[in-house]
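Fold and contact review
What follows is the residue order along each chain.
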Amino acid sequence: MAGALSVPTLTLNDGTAFPAVGLGTYKLNGDDGTTAVKCALDTGYRLLDTALNYTNEGAVGRAVRESDVPRGEILVTSKLPGRHHGYDETLASFEETRANLGLDHVDLYLIHWPLPRIDKYVESFRAFKKLQDEGLVTSIGVSNFTEAHLRRVIDETGVVPAVNQVELHPYFPQAALRGVHEALGIVTESWSPIGKQSELLTEKVITDIAAAHSVTPTQVVVRWHVQLGAVPLPKSGDAGRQRENLDVFGFELTQAEVTAISGLERGRLWDGDPETHEEF
Ligand SMILES: NC(=O)c1ccc[n+]([C@@H]2O[C@H](COP(=O)([O-])OP(=O)(O)OC[C@H]3O[C@@H](n4cnc5c(N)ncnc54)[C@H](OP(=O)(O)O)[C@@H]3O)[C@@H](O)[C@H]2O)c1
């Protein structure tokens, strides 16, 4: 077996060293999911992204516990579902997550969607701060938050989320929101970073750049995220594709190439508008 790849880190606003690429785990469930996540850890992934709503925290936690990689080198992310928004509900939901994972702490905990109609995300973030103060969560952040949601959380709790995990890929580069994150000191994570089985990886702009660097289209897209300063979370259950997706630190795109890839902008993959999308 080839050795583990080494991944550079960014620094979160709470001082945490944070891998520049992580593993998406949606659909990695059961024994196969555990095997796939262990394989990813062997490959060099150190940041894992799960959620209560993926119903695979058990599979991911087991992989972390059984892996030869020390727990202290792995960052486990999970997310609070919409049905558990509210202060006490959040604390209870976190205990469910922690039990599912079978881990004593969670490295990064995110509010999965803001659900502005329900209007409880500020209360949930206050509960996140308590979990952080108690040492049960190392870093606290959000997902699918707009600038307005971020500013409200910051104004009302005095705490700047460490991360905002949002839809981000060449079809939806999110330049404005990335600018807001940079100004506020929030790290951007990219979900569906390689376009989730869309035609993205066959776009001529990308295949031409891949040929020019003797890499694959997916590697071009993952590298594009890295050069934007965003942390992509490509999901793969396949050992070869996991390695391919992480092996992006041996080449560099030119600024013109980065700009050309961003020129594929056309919008969201589906109607995941944080102002209206509700997931419970
Ligand atoms: N916060 C949120 O609301 C939110 C929303 C969506 C997703 N997420 C997170 O983001 C992660 C990634 O997003 P995603 O799963 O939607 O999409 P994605 O990572 O953009 O794409 C995953 C798909 O691409 C395939 N793939 C992976 N590597 C490939 C390669 N090198 N070449 C060709 N195909 C490849 C995978 O198949 P194989 O597995 O067969 O390789 C899978 O079908 C999720 O798993 C989840 O952790 C978060």
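In this report, the structure presented in the accompanying data block is examined. Quick caveat: nothing in here was measured; it's all calculated off a predicted structure.

On a plain count of helices and strands, the protein comes out with 10 helices and 10 strands. In terms of C-alpha radius of gyration, the protein reaches 18 Å, essentially the compact-globule figure of 19 Å for 280 residues. Principal-axis analysis of the C-alpha atoms places the extent of the protein at approximately 55 × 40 × 30 Å. Here the protein, with 280 residues, has 54% of them falling under the buried criterion. For the protein, restricting intrachain contacts to residue pairs at least 6 apart in sequence, the fraction spanning at least 24 positions comes to 75%. For the protein, the accessible surface area stands at approximately 11,300 Å², while carbon and sulfur atoms represent 49% of it. Side chains of the protein carry 25 positive and 39 negative charges; the gap between the two charge centres is 2 Å.

Once that is clear, we can look at the pattern of salt bridges. Following the criterion strictly, the structure yields 17 salt bridges and no others. For the salt bridge of Arg-151 with Glu-147, the shortest nitrogen-to-oxygen distance reads 2.8 Å. Here Arg-151 and its partner Glu-147 are both found in helix H5 (residues 147–157), four residues apart, which amounts to about one turn of the helix. Salt bridges here are not isolated pairs; linked through shared partners, they connect Asp-31, Lys-38, Arg-62 and Glu-66.

Let us look at the sheet that holds strand S6 (residues 106–111). Taking strand neighbours across the sheet as the criterion, the eight strands line up as S3-S4-S5-S6-S7-S8-S9-S10 in an open arrangement whose pairing is parallel. The sheet terminates laterally at strand S3 (23–24) and strand S10 (231–232), the two strands that pair on one side only. Pairing geometry for strand S4 (residues 47–49) and strand S5 (residues 75–80), over three bridges, is parallel. Its bridge partner being in S5, Leu-47 is matched across the sheet by Leu-75.

In the vicinity of the ligand there are 27 residues, among which Asp-49, Ser-192, Lys-235, Ser-236 and Arg-241 approach most closely. A distance of 3.0 Å separates an oxygen atom of the ligand from a polar atom in the backbone of Tyr-26. Separating an oxygen atom of the ligand from a backbone N or O atom of Gly-237 is a distance of 3.0 Å. Burial of the ligand by the protein chains amounts to 86% of its free accessible area of 900 Å². The pocket occupied by the ligand, as judged from atoms lying within 2 Å of grid points, is the largest pocket. Considering each element in turn, the shell around the ligand owes the most residues, three residues, to helix H9 (residues 239–246). Taken together, the residues that form the shell around the ligand break down as eight nonpolar, 13 polar and six charged.

The tally for this structure, following the rule as stated, stands at eight aromatic pairs. Where Tyr-109 meets Phe-128, the ring centres are 4.4 Å apart and the plane angle is 20°; that geometry is what we call stacked. Within this pair, whereas Tyr-109 is found in strand S6, its partner Phe-128 is found in helix H4 (residues 121–133), the two being separated by 19 residues in sequence. Judged on exposure class, the residue Tyr-109 and its partner Phe-128 are both buried. Above the face of the Phe-251 ring, Arg-223 is positioned so that its terminal group lies 6.0 Å from the ring centre. Here the basic side chain of Arg-266 rests over the ring of Tyr-171, its NZ or CZ set 3.6 Å away from the ring centre.

On to the layout of surface pockets, then. Reported here for the largest pocket is a volume of approximately 830 Å³. If you go around the largest pocket, you meet 30 residues; those closest to its centre are Tyr-26, Ser-192, Pro-193, Lys-196 and Lys-235. Residue contributions to the lining of the largest pocket peak at three residues, all from H9. Classifying every residue of the lining of the largest pocket gives 10 nonpolar, 13 polar and seven charged.

About the thresholds
- Residues numbered from 1 in each chain as written.
- Predicted model: local features only at pLDDT ≥ 70, side-chain atom pairs only at ≥ 80, totals over all residues.
- Heavy atoms only, no water.
- Helix = DSSP H or I, 4+ residues; strand = E, 2+ residues; numbered from the N terminus.
- Rg over C-alpha atoms; globule rule 2.2 N^0.38 Å.
- Buried < 20%, exposed > 50% of the residue type's maximum accessible area, 1.4 Å probe, protein only.
- Contact = heavy atoms within 4.5 Å.
- Areas by Shrake-Rupley, 256 points an atom, 1.4 Å probe, with all protein chains shown as cover.
- Lys, Arg positive; Asp, Glu negative; His and termini not counted.
- Charge placed at Lys NZ, Arg CZ, Asp CG, Glu CD.
- Salt bridge = Lys/Arg side-chain N within 4 Å of Asp/Glu carboxyl O.
- Pairing = 2+ DSSP bridges.
- Near = heavy atom within 4 Å.
- Polar contact = N/O pair within 3.5 Å; in protein donor to acceptor, adjacent residues only side chain to side chain.
- 1 Å grid on protein atoms, 1.4 Å probe; cavity = no way out; pocket = protein on both sides within 12 Å on 5 of 7 lines; lining within 4 Å.
- Sits in = over half its atoms within 2 Å of the grid points.
- Nonpolar A, V, L, I, M, F, W, Y, C, P; charged D, E, K, R; others polar.
- Phe/Tyr/Trp six-rings, centres within 6.5 Å; stacked < 30°, edge-to-face > 60°.
- Lys NZ or Arg CZ within 6 Å of the ring centre and 35° of its normal.
- Points joined across faces, edges and corners; volume = space filled by probe spheres on them.

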